[in-house]
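A look at the structure
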Amino acid sequence: MSNKLTRVWKFFRAHGFKETVSTTLRYFVIHRRFLLPRDRKYEIYFDTVRPGEEILEEQRKTDFKYKPLLSILVPLYETDFIFLDELIKSIQAQTYSNWQICFSDGSRDKSRLRDKVAWYQKDDDRILYIGEGEDTLGISSNTNQAYTLATGDYIVLGDHDDLFMPDAFYEVVKAINEDRSIDVIYTDEDKTDEGGIRHFEPSMKPAFNPDLLQSCNYITHMFVAKKSLVEKAGLFDDIYNGAQDYDFILRCTELAEKIHHIPKILYSWRVNATSTAGNVEAKLYAYDAGVKAVQAHYDRIGIKATVSQDERLYGHYITTYPLPEGESLTVLVITDGFDDNLKKCIESFNSVSDFKEMSFIPVNPGNRGDAPMGEILDAQINRLSSEYFMIVNCDVRLYSPHGVRDMISLLSARPDVGIAATQFAMPFYRTRHAAIIYGHDKIYGHEYLMHEDYDEEYNQYIDCMALREGCVMSRKKAYKAAGGFSKEMRTMGPIIEDYCMKLREAGLKSVYAGRSICKFRGKAILPDNYKEMEKKDKKVLADRWKAYIPDGDVYYSERLKKENDE
(Lines give C-alpha, C1' and ligand atoms only; values in the text may rest on other atoms or scores of the structure.)
Protein backbone atom coordinates (compact mmCIF):
# COMPACT_ATOMS: atom_id res chain seq x y z
CA MET A 1 0.00 0.00 0.00
CA SER A 2 2.83 2.42 0.86
CA ASN A 3 4.35 1.96 -2.60
CA LYS A 4 1.00 2.77 -4.22
CA LEU A 5 0.59 5.92 -2.11
CA THR A 6 4.12 7.02 -2.98
CA ARG A 7 3.35 6.67 -6.69
CA VAL A 8 0.13 8.64 -6.29
CA TRP A 9 2.00 11.41 -4.46
CA LYS A 10 4.69 11.62 -7.14
CA PHE A 11 2.04 11.69 -9.85
CA PHE A 12 0.13 14.43 -7.99
CA ARG A 13 3.24 16.61 -7.74
CA ALA A 14 3.95 16.14 -11.44
CA HIS A 15 0.43 16.45 -12.86
CA GLY A 16 -1.80 18.18 -10.31
CA PHE A 17 -5.08 17.41 -8.56
CA LYS A 18 -7.45 17.11 -11.54
CA GLU A 19 -5.32 14.66 -13.52
CA THR A 20 -4.58 12.58 -10.40
CA VAL A 21 -8.27 12.16 -9.56
CA SER A 22 -9.13 11.35 -13.19
CA THR A 23 -6.38 8.73 -13.51
CA THR A 24 -7.20 7.15 -10.14
CA LEU A 25 -10.88 6.76 -11.01
CA ARG A 26 -9.99 5.31 -14.40
CA TYR A 27 -7.75 2.76 -12.69
CA PHE A 28 -10.52 1.59 -10.36
CA VAL A 29 -13.07 1.39 -13.16
CA ILE A 30 -10.77 -0.82 -15.24
CA HIS A 31 -9.83 -3.08 -12.36
CA ARG A 32 -13.27 -3.17 -10.75
CA ARG A 33 -11.44 -3.25 -7.44
CA PHE A 34 -14.48 -1.90 -5.60
CA LEU A 35 -16.56 -4.87 -6.72
CA LEU A 36 -14.52 -7.99 -6.06
CA PRO A 37 -10.96 -8.57 -4.79
CA ARG A 38 -8.79 -10.72 -7.04
CA ASP A 39 -8.33 -13.65 -4.62
CA ARG A 40 -12.05 -13.80 -3.82
CA LYS A 41 -12.84 -13.88 -7.51
CA TYR A 42 -10.49 -16.82 -7.92
CA GLU A 43 -12.05 -18.68 -4.98
CA ILE A 44 -15.43 -18.43 -6.71
CA TYR A 45 -13.90 -19.62 -9.97
CA PHE A 46 -12.11 -22.50 -8.22
CA ASP A 47 -15.34 -23.72 -6.63
CA THR A 48 -17.19 -23.68 -9.96
CA VAL A 49 -14.64 -25.50 -12.14
CA ARG A 50 -13.25 -28.25 -9.95
CA PRO A 51 -14.88 -31.56 -10.89
CA GLY A 52 -17.76 -32.83 -8.80
CA GLU A 53 -18.13 -36.37 -7.52
CA GLU A 54 -20.04 -37.54 -10.62
CA ILE A 55 -17.22 -36.46 -12.92
CA LEU A 56 -14.60 -37.97 -10.61
CA GLU A 57 -16.50 -41.26 -10.58
CA GLU A 58 -16.59 -41.28 -14.38
CA GLN A 59 -12.84 -40.71 -14.41
CA ARG A 60 -12.32 -43.69 -12.08
CA LYS A 61 -14.20 -45.90 -14.55
CA THR A 62 -12.12 -44.77 -17.54
CA ASP A 63 -10.22 -47.66 -19.07
CA PHE A 64 -7.20 -46.09 -20.77
CA LYS A 65 -5.56 -48.07 -23.55
CA TYR A 66 -2.16 -47.14 -22.12
CA LYS A 67 -1.86 -47.20 -18.34
CA PRO A 68 1.61 -45.89 -17.47
CA LEU A 69 2.93 -46.19 -13.92
CA LEU A 70 3.56 -42.75 -12.43
CA SER A 71 6.35 -42.48 -9.86
CA ILE A 72 5.94 -39.49 -7.55
CA LEU A 73 9.25 -38.40 -6.03
CA VAL A 74 8.75 -36.82 -2.60
CA PRO A 75 11.79 -35.84 -0.50
CA LEU A 76 10.92 -35.67 3.21
CA TYR A 77 12.72 -33.50 5.72
CA GLU A 78 11.42 -32.98 9.27
CA THR A 79 7.97 -33.04 7.67
CA ASP A 80 4.92 -32.03 9.69
CA PHE A 81 2.69 -35.06 10.25
CA ILE A 82 -0.44 -33.14 9.27
CA PHE A 83 1.09 -32.01 5.97
CA LEU A 84 2.28 -35.57 5.23
CA ASP A 85 -1.18 -36.99 5.99
CA GLU A 86 -2.84 -34.50 3.65
CA LEU A 87 -0.32 -35.10 0.87
CA ILE A 88 -0.77 -38.88 0.99
CA LYS A 89 -4.55 -38.59 1.13
CA SER A 90 -4.56 -36.23 -1.87
CA ILE A 91 -2.63 -38.87 -3.85
CA GLN A 92 -4.76 -41.76 -2.65
CA ALA A 93 -7.83 -39.78 -3.77
CA GLN A 94 -6.60 -39.72 -7.39
CA THR A 95 -9.07 -41.02 -9.95
CA TYR A 96 -6.17 -42.69 -11.80
CA SER A 97 -4.77 -45.43 -9.62
CA ASN A 98 -1.59 -46.70 -11.29
CA TRP A 99 0.94 -44.71 -9.29
CA GLN A 100 3.58 -45.11 -6.61
CA ILE A 101 4.86 -42.64 -4.04
CA CYS A 102 8.63 -42.76 -3.60
CA PHE A 103 9.39 -41.20 -0.21
CA SER A 104 13.00 -40.44 0.69
CA ASP A 105 13.77 -39.27 4.21
CA GLY A 106 16.62 -36.80 4.58
CA SER A 107 15.92 -36.01 8.24
CA ARG A 108 18.49 -36.71 10.94
CA ASP A 109 16.03 -38.76 13.03
CA LYS A 110 14.52 -41.05 10.43
CA SER A 111 12.53 -43.23 12.80
CA ARG A 112 9.89 -40.55 13.24
CA LEU A 113 8.79 -40.37 9.59
CA ARG A 114 9.62 -44.01 8.88
CA ASP A 115 7.06 -45.11 11.46
CA LYS A 116 4.49 -42.65 10.12
CA VAL A 117 4.87 -43.84 6.52
CA ALA A 118 4.86 -47.49 7.65
CA TRP A 119 1.37 -46.96 9.05
CA TYR A 120 0.16 -46.11 5.52
CA GLN A 121 2.21 -48.88 3.91
CA LYS A 122 0.25 -51.54 5.79
CA ASP A 123 -2.81 -50.86 3.64
CA ASP A 124 -1.23 -49.50 0.45
CA ASP A 125 1.73 -51.19 -1.23
CA ARG A 126 2.02 -48.28 -3.67
CA ILE A 127 3.70 -46.24 -0.91
CA LEU A 128 7.47 -46.76 -0.82
CA TYR A 129 10.03 -45.41 1.64
CA ILE A 130 13.80 -45.14 1.88
CA GLY A 131 15.83 -43.51 4.62
CA GLU A 132 19.49 -44.48 4.90
CA GLY A 133 22.33 -43.27 7.09
CA GLU A 134 22.37 -40.94 10.07
CA ASP A 135 23.33 -37.77 8.21
CA THR A 136 20.86 -35.29 6.81
CA LEU A 137 20.48 -34.99 3.06
CA GLY A 138 20.23 -31.90 0.89
CA ILE A 139 17.11 -31.73 -1.23
CA SER A 140 18.87 -32.85 -4.42
CA SER A 141 20.50 -35.90 -2.84
CA ASN A 142 17.23 -36.63 -1.06
CA THR A 143 15.26 -36.52 -4.34
CA ASN A 144 17.88 -38.69 -6.05
CA GLN A 145 17.48 -41.23 -3.26
CA ALA A 146 13.72 -41.24 -3.87
CA TYR A 147 14.44 -41.89 -7.54
CA THR A 148 16.15 -45.19 -6.66
CA LEU A 149 12.70 -46.50 -5.67
CA ALA A 150 11.02 -45.39 -8.92
CA THR A 151 9.99 -48.11 -11.36
CA GLY A 152 7.42 -46.05 -13.26
CA ASP A 153 7.21 -44.95 -16.86
CA TYR A 154 6.91 -41.29 -15.87
CA ILE A 155 8.44 -39.26 -13.05
CA VAL A 156 6.28 -36.76 -11.14
CA LEU A 157 7.82 -34.16 -8.82
CA GLY A 158 6.04 -33.43 -5.54
CA ASP A 159 6.86 -31.43 -2.41
CA HIS A 160 6.28 -32.94 1.02
CA ASP A 161 3.78 -30.29 2.13
CA ASP A 162 1.79 -29.70 -1.07
CA LEU A 163 -1.45 -31.12 -2.48
CA PHE A 164 -2.52 -32.76 -5.74
CA MET A 165 -6.04 -32.24 -7.09
CA PRO A 166 -7.98 -35.55 -7.38
CA ASP A 167 -8.00 -35.46 -11.20
CA ALA A 168 -4.31 -34.55 -11.56
CA PHE A 169 -3.00 -37.95 -12.62
CA TYR A 170 -6.08 -38.66 -14.73
CA GLU A 171 -5.49 -35.50 -16.79
CA VAL A 172 -1.82 -36.41 -17.23
CA VAL A 173 -2.56 -39.95 -18.44
CA LYS A 174 -5.38 -38.68 -20.66
CA ALA A 175 -2.93 -36.32 -22.42
CA ILE A 176 -0.38 -39.12 -22.82
CA ASN A 177 -2.99 -41.42 -24.37
CA GLU A 178 -3.95 -38.69 -26.82
CA ASP A 179 -0.33 -38.18 -27.85
CA ARG A 180 2.25 -40.81 -26.96
CA SER A 181 5.07 -38.59 -28.28
CA ILE A 182 4.78 -36.27 -25.25
CA ASP A 183 8.01 -36.23 -23.22
CA VAL A 184 7.19 -33.55 -20.65
CA ILE A 185 3.94 -32.32 -19.11
CA TYR A 186 3.29 -29.40 -16.79
CA THR A 187 0.06 -28.00 -15.39
CA ASP A 188 -1.39 -24.87 -13.85
CA GLU A 189 -1.24 -24.46 -10.09
CA ASP A 190 -2.35 -22.25 -7.24
CA LYS A 191 -1.43 -21.61 -3.62
CA THR A 192 -3.28 -22.79 -0.55
CA ASP A 193 -3.10 -21.62 3.03
CA GLU A 194 -1.41 -23.60 5.79
CA GLY A 195 -4.64 -25.43 6.54
CA GLY A 196 -5.09 -26.44 2.89
CA ILE A 197 -8.52 -24.78 2.79
CA ARG A 198 -8.34 -21.41 1.04
CA HIS A 199 -7.02 -21.30 -2.52
CA PHE A 200 -5.49 -18.15 -3.99
CA GLU A 201 -2.88 -16.72 -6.41
CA PRO A 202 -3.51 -19.02 -9.36
CA SER A 203 -0.69 -19.47 -11.84
CA MET A 204 -2.29 -19.81 -15.28
CA LYS A 205 0.60 -20.75 -17.51
CA PRO A 206 1.19 -20.41 -21.24
CA ALA A 207 2.21 -23.09 -23.69
CA PHE A 208 5.92 -23.85 -23.47
CA ASN A 209 7.65 -20.48 -23.47
CA PRO A 210 11.46 -20.82 -23.42
CA ASP A 211 12.18 -17.10 -23.01
CA LEU A 212 9.80 -16.90 -20.05
CA LEU A 213 11.41 -20.01 -18.52
CA GLN A 214 14.81 -18.32 -18.78
CA SER A 215 13.38 -15.33 -16.87
CA CYS A 216 11.82 -17.39 -14.07
CA ASN A 217 10.74 -20.92 -13.23
CA TYR A 218 7.16 -20.42 -14.35
CA ILE A 219 6.63 -24.19 -14.73
CA THR A 220 7.35 -25.34 -11.14
CA HIS A 221 4.41 -27.70 -10.34
CA MET A 222 3.08 -30.12 -11.49
CA PHE A 223 6.00 -31.37 -13.56
CA VAL A 224 5.98 -34.80 -15.26
CA ALA A 225 8.70 -36.33 -17.44
CA LYS A 226 9.27 -39.65 -19.16
CA LYS A 227 11.66 -41.74 -17.13
CA SER A 228 13.69 -42.45 -20.27
CA LEU A 229 14.13 -38.68 -20.73
CA VAL A 230 15.17 -38.27 -17.09
CA GLU A 231 17.85 -40.94 -17.62
CA LYS A 232 19.28 -38.83 -20.45
CA ALA A 233 18.92 -35.48 -18.67
CA GLY A 234 20.44 -36.68 -15.40
CA LEU A 235 19.24 -36.41 -11.82
CA PHE A 236 19.44 -33.55 -9.33
CA ASP A 237 22.65 -31.71 -8.49
CA ASP A 238 23.45 -30.44 -4.98
CA ILE A 239 25.09 -27.28 -6.32
CA TYR A 240 21.61 -26.09 -7.33
CA ASN A 241 19.90 -26.85 -4.00
CA GLY A 242 16.98 -24.48 -3.59
CA ALA A 243 16.58 -24.25 -7.36
CA GLN A 244 17.23 -27.92 -8.07
CA ASP A 245 13.81 -28.31 -9.71
CA TYR A 246 14.53 -25.29 -11.96
CA ASP A 247 17.81 -26.83 -13.09
CA PHE A 248 16.10 -30.20 -13.62
CA ILE A 249 13.24 -28.67 -15.63
CA LEU A 250 15.68 -26.73 -17.83
CA ARG A 251 17.69 -29.89 -18.58
CA CYS A 252 14.57 -31.95 -19.32
CA THR A 253 13.03 -29.34 -21.61
CA GLU A 254 16.31 -28.95 -23.50
CA LEU A 255 16.12 -32.62 -24.54
CA ALA A 256 12.35 -33.05 -24.87
CA GLU A 257 10.90 -33.27 -28.36
CA LYS A 258 7.30 -32.70 -27.24
CA ILE A 259 6.31 -30.52 -24.26
CA HIS A 260 2.65 -30.36 -23.29
CA HIS A 261 0.84 -27.91 -21.03
CA ILE A 262 -2.43 -28.87 -19.33
CA PRO A 263 -4.30 -25.59 -18.68
CA LYS A 264 -5.96 -26.75 -15.46
CA ILE A 265 -5.22 -26.14 -11.79
CA LEU A 266 -4.03 -29.60 -10.71
CA TYR A 267 -1.56 -28.77 -7.95
CA SER A 268 -1.62 -26.56 -4.86
CA TRP A 269 1.52 -25.10 -3.34
CA ARG A 270 1.05 -24.80 0.40
CA VAL A 271 2.08 -21.49 1.94
CA ASN A 272 3.71 -21.74 5.36
CA ALA A 273 6.35 -19.78 7.26
CA THR A 274 9.32 -21.75 5.92
CA SER A 275 8.30 -22.19 2.30
CA THR A 276 9.36 -19.86 -0.51
CA ALA A 277 5.68 -19.61 -1.41
CA GLY A 278 4.98 -17.73 1.82
CA ASN A 279 8.34 -16.19 2.74
CA VAL A 280 10.94 -15.45 0.08
CA GLU A 281 13.45 -14.49 2.76
CA ALA A 282 13.35 -18.11 4.04
CA LYS A 283 15.43 -19.39 1.14
CA LEU A 284 17.48 -16.57 -0.34
CA TYR A 285 20.14 -19.09 -1.32
CA ALA A 286 17.57 -20.61 -3.70
CA TYR A 287 17.64 -17.51 -5.88
CA ASP A 288 21.43 -17.55 -6.13
CA ALA A 289 21.13 -21.18 -7.19
CA GLY A 290 18.62 -20.08 -9.81
CA VAL A 291 21.21 -17.78 -11.37
CA LYS A 292 23.59 -20.75 -11.62
CA ALA A 293 20.88 -22.95 -13.14
CA VAL A 294 19.99 -20.51 -15.93
CA GLN A 295 23.66 -19.77 -16.62
CA ALA A 296 24.40 -23.49 -16.94
CA HIS A 297 21.42 -23.81 -19.29
CA TYR A 298 22.83 -21.16 -21.64
CA ASP A 299 26.26 -22.76 -21.51
CA ARG A 300 24.81 -26.17 -22.47
CA ILE A 301 22.80 -24.90 -25.43
CA GLY A 302 25.64 -22.74 -26.72
CA ILE A 303 24.18 -19.26 -26.23
CA LYS A 304 26.55 -16.52 -25.08
CA ALA A 305 24.80 -14.78 -22.21
CA THR A 306 25.36 -13.70 -18.62
CA VAL A 307 22.68 -14.23 -15.97
CA SER A 308 22.04 -12.12 -12.86
CA GLN A 309 19.34 -11.85 -10.19
CA ASP A 310 16.63 -9.28 -10.88
CA GLU A 311 16.82 -7.12 -7.77
CA ARG A 312 13.18 -6.06 -8.17
CA LEU A 313 11.81 -9.58 -7.73
CA TYR A 314 13.31 -12.64 -6.09
CA GLY A 315 13.33 -15.65 -8.40
CA HIS A 316 13.39 -13.56 -11.58
CA TYR A 317 16.53 -13.38 -13.65
CA ILE A 318 18.09 -10.96 -16.11
CA THR A 319 19.83 -12.26 -19.20
CA THR A 320 22.49 -10.02 -20.69
CA TYR A 321 23.40 -10.89 -24.26
CA PRO A 322 26.57 -9.43 -25.78
CA LEU A 323 26.09 -6.41 -28.00
CA PRO A 324 26.80 -7.01 -31.69
CA GLU A 325 30.24 -5.67 -32.55
CA GLY A 326 30.42 -2.90 -35.12
CA GLU A 327 26.66 -2.88 -35.69
CA SER A 328 24.43 0.16 -35.79
CA LEU A 329 20.69 0.68 -35.60
CA THR A 330 18.48 2.67 -37.94
CA VAL A 331 15.35 4.10 -36.33
CA LEU A 332 12.45 4.76 -38.70
CA VAL A 333 10.26 7.35 -36.99
CA ILE A 334 6.67 7.38 -38.25
CA THR A 335 5.92 11.09 -38.22
CA ASP A 336 2.76 13.07 -38.77
CA GLY A 337 4.57 16.15 -40.07
CA PHE A 338 4.49 17.77 -36.62
CA ASP A 339 8.15 18.76 -36.17
CA ASP A 340 8.03 19.20 -32.39
CA ASN A 341 6.73 15.65 -31.89
CA LEU A 342 9.46 14.22 -34.10
CA LYS A 343 12.17 16.26 -32.40
CA LYS A 344 11.16 15.19 -28.88
CA CYS A 345 10.96 11.55 -29.89
CA ILE A 346 14.50 11.55 -31.30
CA GLU A 347 15.83 13.53 -28.34
CA SER A 348 14.30 10.96 -26.00
CA PHE A 349 16.16 8.06 -27.60
CA ASN A 350 19.43 9.96 -27.89
CA SER A 351 19.41 11.17 -24.29
CA VAL A 352 18.01 8.09 -22.50
CA SER A 353 19.41 5.11 -24.37
CA ASP A 354 22.79 3.71 -23.33
CA PHE A 355 23.11 2.31 -26.88
CA LYS A 356 24.33 5.23 -28.95
CA GLU A 357 24.98 3.81 -32.43
CA MET A 358 21.64 5.04 -33.80
CA SER A 359 20.61 7.05 -36.83
CA PHE A 360 17.09 8.36 -37.42
CA ILE A 361 15.01 8.56 -40.59
CA PRO A 362 11.62 10.34 -40.50
CA VAL A 363 8.95 8.46 -42.44
CA ASN A 364 5.92 10.60 -43.29
CA PRO A 365 3.11 8.56 -44.87
CA GLY A 366 1.13 11.73 -45.64
CA ASN A 367 -2.60 11.11 -45.93
CA ARG A 368 -1.93 7.39 -46.62
CA GLY A 369 -3.80 7.63 -49.86
CA ASP A 370 -0.76 7.61 -52.13
CA ALA A 371 0.74 4.25 -51.15
CA PRO A 372 0.14 1.56 -48.53
CA MET A 373 2.25 1.95 -45.39
CA GLY A 374 3.86 -1.43 -46.01
CA GLU A 375 5.20 -0.25 -49.35
CA ILE A 376 6.53 2.98 -47.85
CA LEU A 377 8.39 1.11 -45.10
CA ASP A 378 9.63 -1.58 -47.49
CA ALA A 379 11.27 1.03 -49.69
CA GLN A 380 13.09 2.48 -46.68
CA ILE A 381 14.19 -0.87 -45.21
CA ASN A 382 15.59 -2.15 -48.51
CA ARG A 383 17.86 0.91 -48.70
CA LEU A 384 19.26 0.54 -45.18
CA SER A 385 22.95 -0.19 -44.75
CA SER A 386 22.44 -1.42 -41.17
CA GLU A 387 21.20 -4.93 -40.41
CA TYR A 388 19.02 -3.81 -37.49
CA PHE A 389 16.10 -1.42 -37.73
CA MET A 390 13.50 -0.05 -35.34
CA ILE A 391 10.10 1.40 -36.15
CA VAL A 392 8.91 4.03 -33.67
CA ASN A 393 5.84 6.26 -33.57
CA CYS A 394 6.69 9.93 -33.19
CA ASP A 395 4.59 10.26 -30.02
CA VAL A 396 6.76 7.67 -28.23
CA ARG A 397 9.37 8.55 -25.60
CA LEU A 398 11.99 6.07 -24.36
CA TYR A 399 11.94 5.53 -20.60
CA SER A 400 14.48 2.77 -19.84
CA PRO A 401 18.15 3.34 -20.69
CA HIS A 402 18.76 -0.37 -21.38
CA GLY A 403 15.70 -0.75 -23.61
CA VAL A 404 17.38 -0.46 -27.00
CA ARG A 405 20.39 -2.48 -25.82
CA ASP A 406 18.18 -5.32 -24.54
CA MET A 407 16.43 -5.66 -27.87
CA ILE A 408 19.38 -5.37 -30.25
CA SER A 409 21.51 -7.76 -28.18
CA LEU A 410 18.61 -10.25 -28.12
CA LEU A 411 18.20 -10.12 -31.89
CA SER A 412 21.95 -10.41 -32.41
CA ALA A 413 22.55 -13.37 -30.07
CA ARG A 414 19.36 -15.26 -30.93
CA PRO A 415 18.88 -16.12 -34.63
CA ASP A 416 15.55 -17.75 -33.67
CA VAL A 417 14.09 -14.33 -32.78
CA GLY A 418 12.70 -12.17 -35.58
CA ILE A 419 11.19 -9.19 -33.77
CA ALA A 420 11.17 -7.60 -30.31
CA ALA A 421 8.93 -4.91 -28.83
CA THR A 422 8.87 -2.78 -25.71
CA GLN A 423 6.40 -2.44 -22.89
CA PHE A 424 4.33 0.75 -23.03
CA ALA A 425 3.75 2.41 -19.69
CA MET A 426 1.19 4.99 -18.70
CA PRO A 427 0.58 7.11 -15.56
CA PHE A 428 1.48 5.44 -12.24
CA TYR A 429 3.90 3.29 -14.29
CA ARG A 430 1.21 0.88 -15.31
CA THR A 431 1.17 -0.91 -18.61
CA ARG A 432 -0.81 0.49 -21.47
CA HIS A 433 0.01 -2.50 -23.65
CA ALA A 434 2.61 -5.13 -24.42
CA ALA A 435 1.77 -8.06 -26.66
CA ILE A 436 -1.39 -9.00 -28.55
CA ILE A 437 -3.78 -11.63 -27.19
CA TYR A 438 -5.54 -13.74 -29.80
CA GLY A 439 -8.78 -15.61 -29.34
CA HIS A 440 -10.43 -18.28 -31.43
CA ASP A 441 -11.92 -15.75 -33.78
CA LYS A 442 -10.94 -12.34 -32.48
CA ILE A 443 -8.31 -10.25 -30.71
CA TYR A 444 -9.11 -10.12 -27.01
CA GLY A 445 -6.91 -7.20 -26.15
CA HIS A 446 -3.46 -6.23 -24.96
CA GLU A 447 -1.32 -8.32 -22.65
CA TYR A 448 -0.77 -6.95 -19.11
CA LEU A 449 -3.24 -4.09 -19.54
CA MET A 450 -2.96 -1.84 -16.45
CA HIS A 451 -0.66 -4.21 -14.55
CA GLU A 452 1.88 -2.61 -12.27
CA ASP A 453 5.37 -2.06 -13.64
CA TYR A 454 6.86 -4.42 -11.06
CA ASP A 455 4.20 -7.14 -11.14
CA GLU A 456 5.62 -10.64 -11.48
CA GLU A 457 4.53 -10.80 -15.11
CA TYR A 458 7.27 -8.38 -16.11
CA ASN A 459 9.91 -10.88 -16.93
CA GLN A 460 12.72 -9.75 -19.15
CA TYR A 461 11.74 -11.64 -22.29
CA ILE A 462 8.52 -13.49 -23.15
CA ASP A 463 7.58 -15.31 -26.35
CA CYS A 464 4.32 -14.03 -27.86
CA MET A 465 2.24 -14.71 -30.94
CA ALA A 466 2.22 -11.07 -31.99
CA LEU A 467 3.41 -7.69 -30.72
CA ARG A 468 2.03 -4.18 -30.61
CA GLU A 469 3.23 -1.34 -32.78
CA GLY A 470 4.77 1.79 -31.28
CA CYS A 471 8.35 0.64 -30.79
CA VAL A 472 9.48 -2.59 -32.44
CA MET A 473 12.89 -3.81 -33.59
CA SER A 474 13.78 -6.38 -36.24
CA ARG A 475 16.63 -7.28 -38.58
CA LYS A 476 16.81 -7.37 -42.36
CA LYS A 477 17.59 -11.09 -42.50
CA ALA A 478 14.38 -11.89 -40.63
CA TYR A 479 12.48 -9.31 -42.69
CA LYS A 480 13.45 -11.08 -45.91
CA ALA A 481 12.67 -14.52 -44.44
CA ALA A 482 9.14 -13.33 -43.66
CA GLY A 483 8.65 -11.69 -47.04
CA GLY A 484 8.55 -8.20 -45.60
CA PHE A 485 5.51 -6.18 -44.52
CA SER A 486 2.08 -6.49 -46.06
CA LYS A 487 1.86 -4.26 -49.14
CA GLU A 488 -1.89 -3.81 -48.88
CA MET A 489 -2.25 -2.51 -45.30
CA ARG A 490 -2.15 1.18 -44.42
CA THR A 491 -2.13 1.23 -40.59
CA MET A 492 0.76 0.20 -38.35
CA GLY A 493 -1.02 -2.00 -35.82
CA PRO A 494 -2.26 -4.62 -38.30
CA ILE A 495 0.99 -4.35 -40.29
CA ILE A 496 3.11 -5.33 -37.26
CA GLU A 497 0.70 -8.10 -36.22
CA ASP A 498 0.73 -9.52 -39.73
CA TYR A 499 4.55 -9.36 -39.77
CA CYS A 500 4.75 -11.25 -36.48
CA MET A 501 2.52 -14.01 -37.84
CA LYS A 502 4.62 -14.24 -41.02
CA LEU A 503 7.75 -14.53 -38.89
CA ARG A 504 6.09 -17.28 -36.85
CA GLU A 505 5.25 -19.14 -40.05
CA ALA A 506 8.92 -18.81 -41.04
CA GLY A 507 9.99 -20.34 -37.68
CA LEU A 508 11.01 -17.08 -36.00
CA LYS A 509 9.81 -15.79 -32.64
CA SER A 510 8.19 -12.56 -31.57
CA VAL A 511 9.55 -11.56 -28.17
CA TYR A 512 8.21 -8.99 -25.74
CA ALA A 513 11.05 -7.24 -23.89
CA GLY A 514 9.54 -6.46 -20.50
CA ARG A 515 12.36 -4.32 -19.11
CA SER A 516 12.36 -2.11 -22.19
CA ILE A 517 9.85 0.64 -21.43
CA CYS A 518 8.42 3.43 -23.55
CA LYS A 519 5.63 5.92 -22.94
CA PHE A 520 3.27 7.86 -25.14
CA ARG A 521 3.97 11.51 -24.38
CA GLY A 522 3.14 13.31 -27.57
CA LYS A 523 -0.17 13.42 -29.40
CA ALA A 524 0.05 12.02 -32.90
CA ILE A 525 -2.13 13.64 -35.55
CA LEU A 526 -3.89 10.90 -37.51
CA PRO A 527 -5.70 11.31 -40.82
CA ASP A 528 -9.48 11.60 -40.66
CA ASN A 529 -10.00 8.22 -42.29
CA TYR A 530 -7.51 6.37 -40.02
CA LYS A 531 -10.14 4.42 -38.06
CA GLU A 532 -11.81 3.30 -41.27
CA MET A 533 -8.47 2.17 -42.75
CA GLU A 534 -7.56 0.34 -39.55
CA LYS A 535 -10.89 -1.48 -39.54
CA LYS A 536 -10.30 -2.70 -43.10
CA ASP A 537 -6.77 -3.79 -42.25
CA LYS A 538 -7.98 -5.76 -39.22
CA LYS A 539 -10.48 -7.55 -41.44
CA VAL A 540 -7.68 -8.52 -43.83
CA LEU A 541 -5.58 -9.66 -40.86
CA ALA A 542 -8.37 -11.77 -39.37
CA ASP A 543 -9.17 -13.46 -42.69
CA ARG A 544 -5.54 -14.17 -43.43
CA TRP A 545 -4.63 -15.81 -40.12
CA LYS A 546 -7.91 -17.20 -38.77
CA ALA A 547 -7.09 -20.71 -39.99
CA TYR A 548 -3.56 -20.43 -38.64
CA ILE A 549 -4.68 -19.97 -35.03
CA PRO A 550 -7.87 -22.07 -34.73
CA ASP A 551 -7.23 -22.78 -31.04
CA GLY A 552 -6.56 -19.19 -30.09
CA ASP A 553 -3.43 -17.85 -28.44
CA VAL A 554 -1.16 -20.63 -27.17
CA TYR A 555 0.53 -18.20 -24.78
CA TYR A 556 -2.69 -17.07 -23.08
CA SER A 557 -4.57 -18.99 -20.40
CA GLU A 558 -7.75 -20.81 -21.40
CA ARG A 559 -9.36 -19.62 -18.15
CA LEU A 560 -8.66 -15.98 -18.98
CA LYS A 561 -10.05 -16.47 -22.49
CA LYS A 562 -13.30 -17.77 -21.02
CA GLU A 563 -13.49 -14.82 -18.62
CA ASN A 564 -13.14 -12.40 -21.52
CA ASP A 565 -15.94 -14.17 -23.40
CA GLU A 566 -18.35 -13.80 -20.47
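Residues numbered from 1 in each chain as written. Predicted model: local features only at pLDDT ≥ 70, side-chain atom pairs only at ≥ 80, totals over all residues. Heavy atoms only, no water.

1. Observations concerning the pattern of salt bridges
Short version of the rule: A carboxyl oxygen of Asp or Glu within 4 Å of a side-chain nitrogen of Lys or Arg is what we treat as a salt bridge. Secondary structure is summarised from DSSP: a helix means a run of H or I of at least four residues, a strand means a run of E of at least two, and numbering begins at the N terminus for each. Note on exposure labels: buried denotes an accessible area under 20% of the residue type's maximum, exposed denotes more than 50%, and partly exposed covers the range between, all computed with a 1.4 Å probe on protein chains only.
Summed over all chains, the structure comprises 29 salt bridges. Lys258 serves as the salt-bridge partner of Asp179, at 2.2 Å between the closest nitrogen and oxygen. One end of the pair, Asp179, is in the loop between helix 7 (168–178) and strand 6 (184–192); the other, Lys258, is in the loop between helix 10 (244–255) and strand 9 (259–270), and 79 residues separate them in sequence. Under the relative-accessibility criterion, Asp179 is labelled partly exposed at 21%. On the accessibility criterion, Lys258 (32% relative accessible area) is partly exposed. For the salt bridge of Asp416 with Lys509, the shortest nitrogen-to-oxygen distance reads 3.5 Å. Taken together, the positions of Asp416 in the loop between helix 14 (403–413) and strand 16 (417–426) and Lys509 in strand 22 (residues 509–520) put the pair 93 residues apart, joining distant regions of the chain. Residue Asp416 is classed as partly exposed on the basis of its relative accessible area, which comes to 26%.

2. Let's talk about the pairing of strand 1 (residues 70–76)
Basically, it comes down to this: Between any two strands, at least two bridges found by DSSP are needed for them to pair. By convention, a crossover is right-handed whenever its connection, traced from the first strand over the helix to the second and viewed with the strands pointing away, goes clockwise.
Most of strand 1 is tucked away, with 7 of its 7 residues classed as buried. Because side chains alternate across strand 1, one face comprises the buried residues Leu70, Ile72, Val74 and Leu76, and the other comprises Ser71, Leu73 and Pro75, equally buried. Note that strand 1 and strand 4 (residues 154–157) share 4 bridges and pair parallel. What sits directly across from Leu70, in strand 4, is Tyr154. Two strands pair when backbone bridges link them, and strand 1 and strand 2 (residues 99–105) are joined in this way by 7 bridges, in the parallel orientation. What sits directly across from Pro75, in strand 2, is Ser104. Crossover strand 1 to strand 2 through helix 4 (residues 81–92) is right-handed.

Keep in mind these numbers describe shape, not what the thing actually does.
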